[in-house]
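As a plain string of letters, each chain reads:
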Amino acid sequence: MSKDNQILEELTSKEYEHGWSVNYEADEAPAGLNEDIIRWISAKKEEPEWLLEWRLKAFRTWMNMPEPEWANVTYPKIDLQALKYYSAPKQIKKTKSLEEVDPELIAIYERLGISLNEQKRLQGIAVDAVLDSVSVATTFKGTLAKLGIVFCSFSEAVKEHPELVKKYLGSVVPMTDNYYAALNSAVFSDGSFCYIPKGVRCPMELSTYFRINAANTGQFERTLIVAEESSYVSYLEGCTAPQRDENQLHAAVVEIYAAAHAEVKYSTVQNWFPGDKEGKGGIYNFVTKRGICAGDHSKISWTQVETGSAVTWKYPSCILKGDYSIGEFYSVAVTNNYQQADTGTKMIHIGKNTKSRIVSKGISAGKSQNSYRGQVQVMKRADNARNFSQCDSLLMGDQCGAHTFPYIDINNPSAKVEHEATTSKIGEDQIFYCNQRGIATEDAVALIVNGYAKEVLNQLPMEFAVEAQKLLALTLEGSVG
Amino acid sequence: MLSIKNLHASVEGTPILRGINLEVKAGEVHAIMGPNGSGKSTLASVLAGREEYEVTDGEVIFQGKDLLDLAPEDRAREGVFLAFQYPVEIPGVSSTNFLRTALNQVREYRGLEPLDAVKFLSLMKEKMALVEIDQKLLSRSLNEGFSGGEKKRNEIFQMAMLEPTLSILDETDSGLDIDALRIVSNGVNKLKSDKTATIVVTHYQRLLDYIVPDYVHVLYKGRIVKSGTKELALELEEKGYDWIKEEVDSATV
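Remember, it's a predicted structure, so these values are computed and weren't measured experimentally. (Residues numbered from 1 in each chain as written. Chains lettered and ligands numbered in written order. Predicted model: local features only at pLDDT ≥ 70, side-chain atom pairs only at ≥ 80, totals over all residues. Heavy atoms only, no water.)

A. Up close: the interface of chain B and chain A. On the chain A side, the residues contacting the 33 residues of chain B number 22 residues. Where chain B meets chain A, there are 2 salt bridges. When the shortest N-O distance is used, the salt bridge between B:Glu155 and A:Arg437 registers 2.6 Å. Where chain B meets chain A, there are 14 residue pairs in polar contact (both at pLDDT 80 or more). At the level of elements, α2 (72-78), β6 (80-83), β7 (90-94), α3 (95-109) and α6 (148-162) of chain B are the ones that each hand at least two residues to the side of chain B that touches chain A. Ranked by the residues each element gives to the side of chain B that touches chain A, the list is headed by α3(B), at 6 residues. Across the side of chain B that touches chain A, the residue classes break down as 18 nonpolar, 7 polar and 8 charged. (Contact = heavy atoms within 4.5 Å. Salt bridge = Lys/Arg side-chain N within 4 Å of Asp/Glu carboxyl O. Polar contact = N/O pair within 3.5 Å; in protein donor to acceptor, adjacent residues only side chain to side chain. Helix = DSSP H or I, 4+ residues; strand = E, 2+ residues; numbered from the N terminus. Nonpolar A, V, L, I, M, F, W, Y, C, P; charged D, E, K, R; others polar.)

B. Highlighting the sheet that holds strand β11 (residues 215-220) of chain B. Residue and element names in this part refer to chain B. One open sheet accounts for 6 strands, arranged β6-β9-β10-β3-β11-β12; its pairing is mixed. Each of the sheet's edge strands pairs with one partner strand only, and the pair in question is β6 and β12 (223-228). The mean angle between the axes of side-by-side strands here comes to 20°, regardless of whether they run parallel or antiparallel. Those strands touched by helix α1 (residues 40-48) are β3 (29-33), β6, β9 (166-170), β10 (197-201) and β11, and its axis lies near 145° from that of β9. (Pairing = 2+ DSSP bridges. Axes fitted to C-alpha atoms, helices over the stretch in contact; angles between N-to-C directions.)

C. Quick look at the UniProt feature "domain: SUF system FeS cluster assembly SufBD N-terminal" (unreviewed entry) in chain A. If you check UniProt for "domain: SUF system FeS cluster assembly SufBD N-terminal" (unreviewed entry), the listed places come out as residues 146-202 of chain A in our numbering. Along residues 146-202 of chain A the backbone is 40% helical and 16% strand, and the end-to-end C-alpha distance reaches 11 Å. (UniProt positions renumbered as here; feature names shortened; annotations may be inferred.)

D. Geometry of α6(B). Residues and elements named next belong to chain B. The terminal C-alpha atoms of α6 lie 21 Å apart, and with 15 residues this matches the ideal 21 Å at 1.5 Å per residue to within 8%. Counting buried positions over the 15 residues of α6 gives 12, a clear majority of the element. Among the residues of α6, those classed as buried are Gly149, Lys151, Lys152, Asn154, Glu155, Ile156, Phe157, Gln158, Met159, Ala160, Met161 and Leu162. Two residues or fewer after α6 comes Glu163, characterised by a positive phi angle close to 45°. (Expected span 1.5 Å × (residues − 1). Buried < 20%, exposed > 50% of the residue type's maximum accessible area, 1.4 Å probe, protein only.)

E. Representation of the packing of helix α3 (residues 49-63) of chain A against helix α8 (residues 179-187) of chain A within the structure. All names here are of chain A. Packing of α3 against α8 brings their axes to within 7 Å, and their N-to-C directions diverge by 145°. With respect to the hand of their crossing, α3 and α8 are arranged in left-handed fashion. Residues Trp54, Arg55, Ala58, Phe59 and Trp62 of α3 form the contact with α8, whose participating residues are Tyr179, Ala182, Leu183, Ser185, Ala186 and Val187. (Left-handed = near helix turned anticlockwise from the far one by under 90°.)

F. Up close: the packing of aromatic side chains. Here the structure, examined in full by the defined rule, presents 23 aromatic pairs over all chains. On the basis of an interplanar angle of 80° and a centroid distance of 6.4 Å, the ring pair of A:Trp54 and A:Phe188 is categorised as edge-to-face. With A:Trp54 in helix α3 and A:Phe188 in the loop between α8 and β6 (192-196), this pair connects stretches of sequence that are 134 residues apart. In this structure A:Trp54 comes out as buried when scored by relative accessible area, which is 14%. Sitting over the ring of A:Phe188, A:Arg55 keeps its end group 4.1 Å from the ring centre. It is B:Lys239 that lies over the ring of B:Trp243; its NZ or CZ is 4.2 Å from the centre. (Phe/Tyr/Trp six-rings, centres within 6.5 Å; stacked < 30°, edge-to-face > 60°. Lys NZ or Arg CZ within 6 Å of the ring centre and 35° of its normal.)

Rendered as structure tokens:
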């Protein structure tokens, strides 16, 4: 008995691994949100006039939008005027090559286990490293450019490929789509841009690693992925933040455009600081992610492993416009302690013979609340649309909650829509069974949870699947006594 | 090997075991029989370390160690194996993955190197033959959708893999048809040696035709009220438990 308690104590006192921060001199916008700040950010980034106008238009609309309150989460209102909307390490200069990047900044990523050194990196993954409001470095740019692939920071894309940015920016998530998307459109700072030309299969995983370092700063990044006809890309996003007592806001927008026969696979391993054991601090993760299967036979697949953030509000969605297009959503969302997650997807069937598949696995522990919210919409001309949804919830302990909010809206009689849902509890029987075979309790929990989430984890690129498995175990450590 | 002295245990304040005494030596097979509710499965669970059972008195020494002081996983690593009456399902975890995790944790505890995939698989092949279990079954989620017989066979397969010193079979015969019973018993018999011991908990004599016990104990109201050799099991089969109940109940009045 005493030994059990001791183990429990050790586990629950384990801290968030990426909770450290680094002091560097920052180039920051003054706190507050108004048109001058937006002009300041735009000037800082030497943006063209049209983009500034775009931002201002978003801002003016946003000012008249109410803050959404429909999600199943509660949190104190964020004072948006107290935040800073831009913060960048001063060491960042306009560098052309990786060699010129300040070693201090590279060291931050080394410490997170992300090597920006191309020689040292595993072959097969190119990284764009975003620190607070700016991109620090992008690897393998040269290799990819030979294939005509553009992979760079958003700011760079605005300068180097303005015609592409202008064409696609806001085309999937309109600037006034929702409160946080509008805010993002007004103040977004950096993010990744990726363009795969016609017929090209991207030979490596592309990934963006987001890190918030500065205090009292919001991170508003924007990612835009364009896959031309018959192209393929697999994209991965990772994120961490220091452990701070106050809540920090992360409001990103991701847009994906897939032309005919193109396929985009977007995977996220989200590990923002979740707040401490008492629910103090942590990131508010209010994100809009949407992809459009614009061409026939195109496919967009979202996979997410959500373990961090104090409050998550996120619905990666697919607009299935092209005939025979496919949308997929695979999600594992874990909440522990006082975390709250309201996450799911929207599948909007517009084209004929479109298909969508939703697999959502929620895991709640501690005093957390975990909600799945999903919408399946079949439009009038979407003949033979098919959807399959599966929403499972796993509960650990008796103080957490799991909720499911499926919305189904069918306007075509030929649609086939299936929805399955289960709720289960991690059983003491299962843990004892593992114990009796010599498996320690924390390993037993990891085994059971990974088994439960397997269908989703299998969708992740190999090396990230291993990372995600470890992360799941770490997030739930100490949640079973 | 195993020495149980005056063991008392209760569930939620209700006493179930009321002073068990039992000595098991290496090489022996002991059968624990008794009517329903006599505490047979409780005894098995207490030895394995199930948390719901509170030990209120007595001691259990296993190979010189105080068993009751060890966490359930450490008891397993010390060599105590419980074949469950109702094996648990773990969706998404294959038997292979489960056993590899288990075996390597046991090996680590004993200061042995973990088995690599190749060695593990060849060990599996060897033990699969013992209980006539199909490879396909082992790549499926642990016990999920297994028939009753497959679940029990899988228990014995796990026992073969983990090579325990003391095996406790809790109602392993329940839900088995005659062929499955033969296969499971064969497996158990092949695993017996002069260094290991087996405790067979069963309600019926049937299993004991296959796994022949050296001693038979009758459990009633949380105590061992009668001990004997395998002939006692036959007598019970013939006469039922009532005569023992009467004997005990009249003695305590």
